[in-house]
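Each chain is listed here by its residues.
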Amino acid sequence: MSTGVNPIEAMNEAEQAEELAIRTISAAPALEDITDELKEAVSSYVASGVESFEIKTFENVSQLAQNSVNLAQDVQGADLEIAATDHEASDEFRDGLDLLDIPVNF
């Protein structure tokens, strides 16, 4: 079993989450255009349903975008902590090797 994190792969995941947020936000105007055209094409009885759909969908799109931004920030923060911990551990490892006076090629 292996444990650990590859910081480069983790940053790629964060970038993908950021991309999801951008794509989600950029889809909103197209959705608005579609629902506006649909409201014009349907009767007044159906238009209120389209309006309700539009409002609920925009709430969901907004929440998805916010969650994507939060995910990206969380992954980036964790990745930075992991890199700092790895760096600190490597320093301690080298200090220990110096005390043992064992030659190791890095």
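One structure accompanies this document, and this report is about it.

1. Description of the overall build of the protein chain
Piece 1. Along the backbone of the protein chain there are two helices and zero strands.
Piece 2. Buried positions account for 17% of the 106 residues belonging to the protein chain.
Piece 3. Carbon together with sulfur atoms contributes 57% to the accessible area of the protein chain, which is approximately 8,200 Å² in total.

2. Examining helix H1 (residues 7-41)
Piece 1. Between the first and last C-alpha of H1 there are 51 Å, a value that for 35 residues agrees with the 51 Å anticipated at 1.5 Å per step.
Piece 2. In H1, a bend of some 25° at Ala28 exceeds every other bend along the element, and Pro29, a proline, comes one to four places later.
Piece 3. Of the residues making up H1, those classed as buried are Ala10, Ala14, Ala17, Ala21, Thr24, Ala28, Leu31 and Thr35.

3. Observations regarding the pattern of salt bridges
Piece 1. In this structure the tally under the stated criterion is five salt bridges.
Piece 2. Notably, a salt bridge pairs Glu19 with Arg23, separated by 2.9 Å at the nearest N-O pair. Placement of the pair is Glu19 and Arg23 together in helix H1, with a separation of four residues, close to one helical turn.
Piece 3. Between Lys39 and Asp36 there is a salt bridge; the shortest N-O distance is 3.6 Å. Pair noted here: Lys39 and Asp36 are both in helix H1, with a separation of three residues, about one helical turn.
Piece 4. A single salt-bridge network, built from bridges that share partners, covers Asp36, Lys39, Glu51 and Glu54.

What counts and how
Residues numbered from 1 in each chain as written. Predicted model: local features only at pLDDT ≥ 70, side-chain atom pairs only at ≥ 80, totals over all residues. Heavy atoms only, no water. Helix = DSSP H or I, 4+ residues; strand = E, 2+ residues; numbered from the N terminus. Buried < 20%, exposed > 50% of the residue type's maximum accessible area, 1.4 Å probe, protein only. Areas by Shrake-Rupley, 256 points an atom, 1.4 Å probe, with all protein chains shown as cover. Expected span 1.5 Å × (residues − 1). Bend = angle between axes of the 7 residues up to and from the residue. Salt bridge = Lys/Arg side-chain N within 4 Å of Asp/Glu carboxyl O.

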